Amino acid sequence: MSLKLFLDLLSQPCRAVYIFAKKNGIPFEMRTVELLKGGRRRLPSVAILIFLSAKYRTADHWYPADLQARAHIHEYLGWHADCIRGTFGVPLWTQVIMPLTGTQVPEEKVRRNRTAMDQALQQLEDKFLGNRAFLTSQQVTLADLMALEELVQPVAVGCDVFEGRPRLAAWRERVETFLGAGLCQEAHGPILNILERAASKTFLVTLPEAYPFVLRRISRIP
């Protein structure tokens, strides 16, 4: 049976899975879903990435057999779930998705989100990156892939989280160089074009079934 991946490349975790499979030459059939319009929800991307790394025996650096190295990746992923995931996607919601649905987020929430992003970026630099080439070691791991996709999200709507942070900017360049410019462009194209699509009305959230999901997402913004 061929591997089927149900993905929406506007989604950070979906892009991580897509890039991982492509970079590692894993054959799969992509089924495009639109998560905002009630498309199929997926298993947690970390679980999918770990499964793929084991099933297809990808290079050890992604998810090392060494337990101590693996523990460092899990330390990051745990922090990522608490401090990165759900935080760096907020600008897309406040600047693109919610205006299209006629809803707004209080400015106070927007300011709190920016503060939370700044604090998380500082921790990312100081606690995880430090003087290393990558977040948990001197080689790319699943941690770097997950982090990159989250940080690209606000960049797409004009919130350059790498500006004024040369260490993080250099890290991003190293990760994208390893992944390959062509693959990054392919995976990031839909999100990096989101403002243009919104302006030209080719990106719309108009289906009634999307509204409950949008409203739930609004309520979860601190």
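Residues numbered from 1 in each chain as written. Predicted model: local features only at pLDDT ≥ 70, side-chain atom pairs only at ≥ 80, totals over all residues. Heavy atoms only, no water.

### Quick word on the packing of aromatic side chains
Formally: For this analysis, a ring pair means two rings from Phe, Tyr or Trp (six-membered ring only for Trp) whose centres lie within 6.5 Å, classed as stacked if their planes differ by under 30 degrees, edge-to-face if by over 60, and tilted for the remaining angles. Strands are runs of DSSP state E lasting at least two residues, helices are runs of H or I lasting at least four, and both sets are numbered from the N terminus onward. Relative accessibility thresholds used throughout: buried, under 20% of the residue-type maximum; exposed, over 50%; partly exposed, between the two (1.4 Å probe, protein chains only).
Throughout the structure, instances matching the rule amount to 6 aromatic pairs. Ring centres 5.1 Å apart and planes at 80° place the aromatic pair Phe 20 and Trp 62 in the edge-to-face group. Placement of the pair is Phe 20 in helix α1 (residues 12-23) and Trp 62 in the loop between α2 (45-55) and α3 (67-83), with a sequence separation of 42 residues. No difference in accessibility class separates Phe 20 from Trp 62, as the two residues are buried. A ring pair is formed by Tyr 76 and Phe 128, whose centres lie 5.1 Å apart and whose planes are at 90°; its orientation type is edge-to-face. Of this pair, Tyr 76 sits in helix α3 while Phe 128 sits in helix α5 (residues 107-129); the two residues are 52 residues apart in sequence, bridging distant segments of the chain.

### Brief notes about helix α8 (residues 181-192)
Note the following rule: For a helix, the expected span equals 1.5 Å multiplied by the residue count minus one. Note on contacts: a residue pair qualifies if any of its non-hydrogen atoms lie within 4.5 Å across the two residues.
Taking 1.5 Å per residue, 12 residues should reach 16 Å; α8 reaches only 14 Å between its end C-alpha atoms and comes up short. Among the residues of α8, Leu 183, Cys 184, Ala 187, His 188, Gly 189 and Ile 191 are the ones counted as buried. Packing partners of the buried residues in α8 comprise α1, α4 (90-100), α6 (142-155), α7 (166-179) and α9 (194-199).

### Some remarks on the packing of α1 against α2
Any two packed helices are characterised by the angle at which their axes cross and by the distance between the axes. The condition is simple: Whenever a helix is involved, its axis is fitted only over the stretch in contact; in every case the axis is a line through C-alpha atoms, and angles between N-to-C directions fall within 0 to 180 degrees. Angle categories are assigned with fixed cut-offs, so that under 35 degrees is roughly parallel, over 145 is roughly antiparallel, 65 to 115 is roughly perpendicular, and the rest are oblique. Under the scheme applied, nonpolar residues are Ala, Val, Leu, Ile, Met, Phe, Trp, Tyr, Cys and Pro; charged residues are Asp, Glu, Lys and Arg; polar residues are all the others, including Gly.
For the pair α1 and α2, the least separation of the axes is 9 Å and the interaxial angle reads 10°. Of the possible angle classes, the one that applies to α1 and α2 is roughly parallel. The segment α1 lies against α2, with Pro 13, Ala 16, Val 17 and Phe 20 engaging Ser 45, Ile 48, Leu 49, Leu 52 and Ser 53. When the residues that make up the contact of α1 with α2 are grouped by side-chain class, the tally is 7 nonpolar, 2 polar and no charged.

### Observations concerning the nonpolar core
A general feature of soluble globular proteins is that nonpolar side chains tend to end up buried together. We apply this condition: By nonpolar core is meant a set of buried Ala, Val, Leu, Ile, Met, Phe, Trp, Tyr and Cys residues that side-chain atoms within 4.5 Å join together.
By size, the foremost hydrophobic cluster in this structure holds 68 residues, and its most contacted members are Tyr 76 and Trp 171. Residues in contact with Trp 171, not counting those within four places in the same chain, are Leu 129, Ala 133, Phe 134, Leu 135, Asp 144, Ala 147, Leu 148, Leu 151 and Phe 162.

### Describing the pairing of strand β1 (residues 4-7)
Both faces of the sheet carry side chains from a regular strand, because those side chains alternate between them. Worth spelling out the cut-off: What makes two strands pair is DSSP finding at least two bridges between them. Think of it like this: strands point away, you trace from the first strand over the helix to the second, and a clockwise trace means the crossover is right-handed.
What you see with β1 is a clean split: Leu 5 and Leu 7 sit on the buried side and Lys 4 and Phe 6 on the side with no burial. Both β1 and strand β2 (residues 29-32) contribute to a ladder of 4 bridges, which runs parallel. Looking at the pairing, Lys 4 lines up with Glu 29 of β2. Considered for its hand, the β-α-β crossover made up of β1, α1 and β2 is right-handed.

### Quick look at the confidence of the model for the protein
Detailed reading of predicted coordinates is not advised where the pLDDT is low. Under the convention used in this document: pLDDT measures the predictor's confidence residue by residue and takes values from 0 up to 100.
Confidence in the prediction for the protein averages 89 pLDDT; 87% of positions are at 70 or higher. For the protein, the element scoring lowest by mean pLDDT is helix α10 (residues 211-219), at 67; α7 scores highest, at 98.

### Looking at the packing of α5 against α7
Cut-off, in case you're wondering: Should the near helix be turned anticlockwise from the far one by less than a right angle, the crossing is left-handed, and should it be turned clockwise, the crossing is right-handed.
Where α5 meets α7, the axes come as close as 10 Å, and the angle between the chain directions of the two elements is 70°. Between α5 and α7, the angle is such that the two are roughly perpendicular. Viewed along their axes, α5 and α7 form a crossing whose handedness is left-handed. Facing Leu 121, Leu 124, Glu 125, Asp 126 and Leu 129 of α5, the residues of α7 in contact are Arg 167, Leu 168, Trp 171 and Arg 174. Taken together, the residues of the contact of α5 with α7 break down into 5 nonpolar, no polar and 4 charged.

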